[in-house]
Amino acid sequence: MATVQFFNQFPCKTRVQNPSNSKPLSKPPSSLVPMSALTRRPSFSPGEFAVSRSDFRVRVIDAEDELDPETSEGGGSALLMAEEAIESVEETEVLKRSLVDSLYGTDRGLSASSETRAEIGDLITQLESKNPTPAPTDALFLLNGKWILAYTSFVGLFPLLSRGIVPLVKVDEISQTIDSDNFTVENSVLFAGPLATTSISTNAKFEIRSPKRVQIKFEEGVIGTPQLTDSIEIPEYVEFLGQKIDLTPIRGLLTSVQDTATSVARTISSQPPLKFSLPGDSAQSWLLTTYLDKDIRISRGDGGSVFVLIKEGSPLLNP
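Notes on the structure in this doc start here. (Residues numbered from 1 in each chain as written. Predicted model: local features only at pLDDT ≥ 70, side-chain atom pairs only at ≥ 80, totals over all residues. Heavy atoms only, no water.)

Here's the deal with the pattern of salt bridges
- Within this structure, the stated rule accounts for 11 salt bridges.
- We note a salt bridge from Lys96 to Asp295, for which the minimum N-O separation is 3.2 Å. Placement of Lys96 in helix H4 (residues 75–103) and of Asp295 in the loop between strand E10 (284–292) and strand E11 (296–300) is noted, with a sequence separation of 199 residues between them.
- Two residues, Asp101 and Arg97, come together in a salt bridge whose shortest N-O distance is 3.9 Å. Here Arg97 and Asp101 lie together in helix H4, a separation of 4 residues that amounts to about one turn.
- Overlapping salt bridges bring together Glu93, Lys96, Asp293, Lys294 and Asp295 as one network. (Salt bridge = Lys/Arg side-chain N within 4 Å of Asp/Glu carboxyl O. Helix = DSSP H or I, 4+ residues; strand = E, 2+ residues; numbered from the N terminus.)

Have a look at this one:
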């Protein structure tokens, strides 16, 4: 409409010619004028403004043709690539959920049957083939943070996970916290019992050795200060060395300790954690990250062991 108003500023005169007195055209109609004449730009002179209709061209495009990928160059391939990308993401999300579901009830791999281990191994391999982060050490922002161990095939952890080692004490959580700014790693095991919780952790430095591999050097171990609980939960029985031990006779005795637990907790909690150094030669390891996104990390270590870790706060931690 702005263009119409612009042209209305210039007055026009209309000439009506009697058809009976009309003379033959001295030149062919505009439809027969050569294209070069139509595309010629108008001339401008001082005090004169000339406008020609041939300066305005309108291209009419059918809406369906514009949206049709077959009529635009590269449109079909771009649409196909987008659909494939969406399908790949959906398949990856399904695999992640299937893997997490298969880990349920395995006690981080300790009680997994051979069939379940085979199923888990197959899902891990499929996820690794869809790794969205081919160079994890170049994406330290994804590695950064606290990761909860959900599954491992590392047999060195099995004695720790076994509840028959120490009665009434269980492994509540195994985690790995990565600080990508300072290149540090903290491995922590949280133990929970009826009277207190405590942790054992190791602090280490890591170096980048390849786009997927880091070298880890452990520096010290830390035994956390026990934190006594205000309420004592005593089970009816406990399994020890394959036998069930009835705790009913001593439940009353242990419950009486609850009255003094609060005051004792204040005294113990004021003590600093116990730190000890680790030998430099044997306290080294390496990890190869084979899958990494914002929710799941899959790593492989010495001896072909595999670790599946879930990022703290991820909805995948909720069964």
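Looking at a negative patch on the surface
- On the surface, Glu83, Glu84, Glu87 and Glu90 cluster together to form a negatively charged patch.
- Its place among the elements puts Glu90 in helix H4. (Patch = residues over 30% accessible without salt bridge, like charges linked within 9 Å, V, L, I, M, F, W, Y side chains within 5 Å. Areas by Shrake-Rupley, 256 points an atom, 1.4 Å probe, with all protein chains shown as cover. Lys, Arg positive; Asp, Glu negative; His and termini not counted. Charge placed at Lys NZ, Arg CZ, Asp CG, Glu CD.)

Some words on the pairing of E11
- Burial of E11 is extensive: 4 of the 5 residues sit out of reach of the surface.
- The hairpin formed by E10 and E11 contains 3 residues between the paired strands.
- Two strands pair when backbone bridges link them, and E11 and strand E12 (residues 306–311) are joined in this way by 5 bridges, in the antiparallel orientation. Within E12, the residue paired with Ile298 across the bridge is Val308.
- Linking E11 back to E12 in an antiparallel pair, the connection comprises 5 residues, with Gly303 at a positive phi of about 75 degrees. (Buried < 20%, exposed > 50% of the residue type's maximum accessible area, 1.4 Å probe, protein only. Pairing = 2+ DSSP bridges.)

Details of the nonpolar core
- Core analysis: the biggest nonpolar cluster contains 25 residues, and Leu149, Val171, Ile174, Ile178, Phe206 and Ile216 have the highest contact counts within it.
- In this structure, Phe206 is in contact with Ile178, Asp179, Phe183, Thr184, Val185, Val214, Gln215 and Ile216, ignoring residues within four places of it in sequence.
- Formed by 17 residues, the second largest nonpolar core is a distinct cluster that contains Leu95, Tyr151, Ile296 and Val308. (Core = buried A, V, L, I, M, F, W, Y, C linked by side-chain atoms within 4.5 Å. Contact = heavy atoms within 4.5 Å.)

Looking at the packing of aromatic side chains
- Counted according to the given criterion, the structure contains 2 aromatic pairs.
- Arranged with centres 6.1 Å apart and planes meeting at 50 degrees, the rings of Phe154 and Phe307 form a pair that is tilted. Of this pair, Phe154 sits in the loop between strand E1 (145–152) and helix H7 (158–161) while Phe307 sits in strand E12; the two residues are 153 residues apart in sequence, bridging distant segments of the chain.
- A residue is classified by how much of its surface remains accessible, and Phe307, at 16% relative accessible area, is buried.
- Aromatic side chains Phe183 and Phe206 sit 5.2 Å apart centroid to centroid with 50 degrees between the ring planes, which places their arrangement in the tilted category. (Phe/Tyr/Trp six-rings, centres within 6.5 Å; stacked < 30°, edge-to-face > 60°.)

Honestly, that's just the spatial picture; any functional story needs more than this.
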